[in-house]
Amino acid sequence: MKIAIMGGDGFVGWPTALHLSDAGHDVHILDNLSRRWIDTELGVQSLTPMDSIQERTRIWHAETGRRIHFHLIDLARDYDLLKAWLAEHRPDAIIHFAEQRAAPYSMKSDRHKNYTVNNNVSATHNLLNALVEIGLDAHLVHLGTMGVYGYSTVGAAIPEGYLPVGIETVDGNTASQEILYPANPGSIYHMTKCLDQLLFQFYAKNDGLRVTDLHQGIVWGTHTAQTRLHPQLVNRFDYDGDYGTVLNRFLIQAAIDYPLTVHGTGGQTRAFIHIQDSVRCIEIALNNPPVRGARVEIFNQMTETHRVRDLAEMISRMTGARIAWLPNPRKEAPENDLIVRNEKFLGHGLSPTTLENGLLSEIVDVAKKFAYRVDRSRVPAVSAWTRDIARTLNRDPEGKMLRSVS
Ligand code: USQ
């Protein structure tokens, strides 16, 4: 298949590009390199040393003889360029990762809120709009989030996208329907993924576009089989307070003897998936497209659920790390249960990498190896969900004063 990977320079995009190229597909990355610009803005760098995208693709060719093509295009801003590229290359499938993906970054300021909404919603809409305009029947696979559901449970498992409901009709009967599970975003970033869902629903219904939306949990880990092939193919690893996600942050914190940064009671339960499983799921989704005219296909892309404090305690037991119980910078439920259905991927043969089996090697192979690159001052999460919360965040987990918040 000819596959266009929008956002193929990012944390899930890059290993996906390698995985699909390795499987024999003709892979094209379209990316505006915004993650690299945001690193510069925030004054942070990936824990793992990352080469330019051109250098990465050169090494991939030298190692495997396969080519991954790179095109510098901004989906949100270069609509005409995007349309022309699609019309010329006519890919069989498109994988859409080209969105700002960090909840804390999206909540940093009004400017970051605007950027996240404008970038994510325009990127998705431009892509859908262009597909219709040039009459391209490519299968669109989008990386969505478990966060579209919210994390509260009513004692029932979260279904894969659609909720069966009974609606009382005026003549006293009950009409059965399946509706999109009610969206309940917890950040501006998560809200953009909820908006994406509506865009997909409309374009699938109106124009018969074939769309798969993957509701992914929190990714952990760094390596896939292909990123291990050469040191310069390594994936990025974010540990900072904006882009680092919880489990990877705990791993690096343990490696540098920094107290594990649990927000609140750590009673938040979230869904997780290893990066190797993430790329496998994307391949499975590609191989199982919906038919033209069908509703959006939705998969829950996660393999296990964990409570944040249980993860901290597990890593503390393994490494001796201390735990810091911090004021929560986010407005979120302090405690929640989470039961998620994920039979679709398991039914297609996904065999999950579990935390139990993968955690230790991740600490040793990645966190300890690159610990010397960590800037401890970038570890605290200082992006607050509201002004009132911002006032409570005056000390970092090691007790030092943070900048004052007006
Ligand atoms: N948390 C801590 N300590 C930390 C960092 C986070 O206790 O040092 C807590 C947060 O308060 C939150 C939970 O851990 O309750 C998860 O935070 P996270 O930063 O690991 O994940 P999140 O902001 O939800 O976003 C990440 C990805 C996003 C993806 C989402 C999947 O950045 O792109 O969509 O995970 S999900 O969480 O299932 O919505």
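Residues numbered from 1 in each chain as written. Predicted model: local features only at pLDDT ≥ 70, side-chain atom pairs only at ≥ 80, totals over all residues. Heavy atoms only, no water.

J.: Help me understand the overall build of the chain, please; the structure alone is not making it clear to me.
T.: Scanning the chain from terminus to terminus reveals 13 helices and 14 strands. Seen through its C-alpha atoms, the chain measures out along the principal axes to roughly 65 × 60 × 45 Å. Counting the 406 residues in the chain, one finds 56% classified as buried. Long-range pairs, those at least 24 residues apart, make up 80% of the contacts in the chain with a sequence separation of at least 6. (Helix = DSSP H or I, 4+ residues; strand = E, 2+ residues; numbered from the N terminus. Buried < 20%, exposed > 50% of the residue type's maximum accessible area, 1.4 Å probe, protein only. Contact = heavy atoms within 4.5 Å.)

J.: So what exactly am I meant to see when it comes to the sheet that holds strand S3 (residues 68-72) here?
T.: Each strand in a sheet pairs with another by means of backbone hydrogen bonds, the pair being arranged parallel or else antiparallel. Strand order in the open sheet made by the 7 strands is S3-S2-S1-S4-S5-S8-S12, with parallel pairing throughout. Edge positions in the sheet fall to S3 and strand S12 (297-301), since each of these pairs with one other strand and no more. Ignoring strand direction, the axes of neighbouring strands in this sheet form an average angle of 20°. Pairing of strand S2 (residues 26-31) with S3, which is carried by 5 bridges, proceeds in the parallel orientation. Looking across to S3, one finds that Asp31 is bridged to Leu72. (Pairing = 2+ DSSP bridges. Axes fitted to C-alpha atoms, helices over the stretch in contact; angles between N-to-C directions.)

J.: It is not clear to me how the environment of Val234 should be interpreted in this structure. Could you clarify?
T.: Residue placement: Val234 occurs in the loop between strand S9 (218-220) and helix H8 (246-255). The class for Val234 is buried, based on a relative accessible area of 5%. Distance in space between the C-alpha atoms of Val234 and Arg56 is 8.8 Å, their sequence separation being 178 residues.

J.: Is there a simple way to explain the packing of helix H6 (residues 110-133) against helix H7 (residues 188-207) in this structure?
T.: Packing of H6 against H7 brings their axes to within 9 Å, and their N-to-C directions diverge by 15°. Judged by the angle between their axes, H6 and H7 are roughly parallel. Seen from above, H6 lies across H7 with right-handed handedness. Facing H6, whose interface residues are Lys113, Thr116, Val117, Asn120, Val121, Thr124, His125, Leu128, Asn129 and Val132, H7 presents Ile188, Tyr189, Met191, Thr192, Leu195, Asp196, Leu199, Phe200, Tyr203 and Asp207. By residue class, the composition of the contact of H6 with H7 is 11 nonpolar, 6 polar and 3 charged. (Parallel < 35°, antiparallel > 145°, perpendicular 65-115°, else oblique. Left-handed = near helix turned anticlockwise from the far one by under 90°. Nonpolar A, V, L, I, M, F, W, Y, C, P; charged D, E, K, R; others polar.)

J.: Explain empty space enclosed by the protein here, please?
T.: Gaps left between atoms show up when a probe the size of a water molecule is rolled over them. For the coordinates displayed, the defined rule picks out 2 cavities of 30 Å³ or more. Within this model, the largest cavity holds a volume of roughly 50 Å³. If you go around the largest cavity, the residues you meet are Phe11, Arg101, Val219, Phe237, Asp238, Tyr243, Gly244, Thr245 and Asn248. (1 Å grid on protein atoms, 1.4 Å probe; cavity = no way out; pocket = protein on both sides within 12 Å on 5 of 7 lines; lining within 4 Å. Points joined across faces, edges and corners; volume = space filled by probe spheres on them.)

J.: Hey, could you run me through helix H9 (residues 275-287) in this one?
T.: Every α-helical turn comprises 3.6 residues, leaving residues that sit three or four positions apart pointing alike. Between its first and last C-alpha, H9 extends 19 Å over 13 residues, near the 18 Å set by a 1.5 Å rise per residue. Burial analysis of H9 places 10 of its 13 residues in the buried class, which makes it a mostly covered element. Among the residues of H9, those classed as buried are Ile275, Gln276, Asp277, Ser278, Val279, Cys281, Ile282, Ile284, Ala285 and Leu286. (Expected span 1.5 Å × (residues − 1).)

J.: I tried to follow unusual backbone geometry on my own but got confused; where do I start?
T.: For residues other than glycine, phi is negative in most cases, and the peptide bonds are mostly trans. Within the chain, Leu33 stands out as a residue other than glycine whose phi angle is a positive 60°. Topologically, Leu33 is positioned in the loop between S2 and helix H2 (34-42). Take Leu33: its relative accessible area is 17%, and that puts it in the buried class. Even without being glycine, Arg90 reaches a positive phi, approximately 40°. Tracing the sequence through the fold places Arg90 in the loop between helix H4 (79-89) and strand S4 (93-96).

J.: Would you mind going over the nonpolar core with me for this structure?
T.: A general feature of soluble globular proteins is that nonpolar side chains tend to end up buried together. In this structure, Met6, Leu82, Leu86, Ile94 and Leu127 are the most contacted members of the largest nonpolar core, which totals 41 residues. Those elements that place two or more of their residues in this core are strand S1 (2-6), H4, H6 and H7. With residues near it in sequence (within four places) discarded, Leu127 still touches Met6, Leu75, Leu82, Leu86, Ile94, His96 and Leu140. One finds Ile5, Ala17, Val219 and Leu286 within the second-largest nonpolar core, a separate group that totals 33 residues. (Core = buried A, V, L, I, M, F, W, Y, C linked by side-chain atoms within 4.5 Å.)

J.: How should a nonpolar patch on the surface be read in this particular structure?
T.: Together, Met318, Leu360 and Val364 give the surface a local cluster of nonpolar side chains, amounting to about 270 Å² of exposed area. Within the secondary structure, Met318 is located in helix H10 (residues 308-319). (Patch = residues over 30% accessible without salt bridge, like charges linked within 9 Å, V, L, I, M, F, W, Y side chains within 5 Å. Areas by Shrake-Rupley, 256 points an atom, 1.4 Å probe, with all protein chains shown as cover. Salt bridge = Lys/Arg side-chain N within 4 Å of Asp/Glu carboxyl O.)

J.: Help me understand the packing of H8 against H10 in this model?
T.: In a pair of packed helices, the angle between the axes and the distance between the axes together describe the arrangement. At a closest axis distance of 10 Å, the pairing of H8 and H10 adopts a crossing angle of 25°. One finds that H8 runs roughly parallel with respect to H10. By crossing handedness, the relation of H8 to H10 is classed as right-handed. Contact with H8, carried on its side by Val246, Leu247, Phe250, Leu251 and Ala254, involves Val308, Leu311, Ala312, Ile315 and Thr319 of H10 and no other residues of that element. Among the residues forming the contact of H8 with H10, the class breakdown is 9 nonpolar, 1 polar and no charged.

J.: Could you clarify how one ought to interpret helix H1 (residues 13-22) in this entry?
T.: In terms of residue burial, H1 counts as a mostly covered element, since 9 of its 10 residues are buried. Along H1, the residues classified as buried are Gly13, Trp14, Pro15, Thr16, Ala17, Leu18, His19, Leu20 and Ser21. If you follow the buried residues of H1, they end up packed against S1, S2, helix H3 (53-64), S3, S4 and H9. A positive phi of about 100° marks Gly24, the residue just after H1.

Structural measurements only, silent on function.
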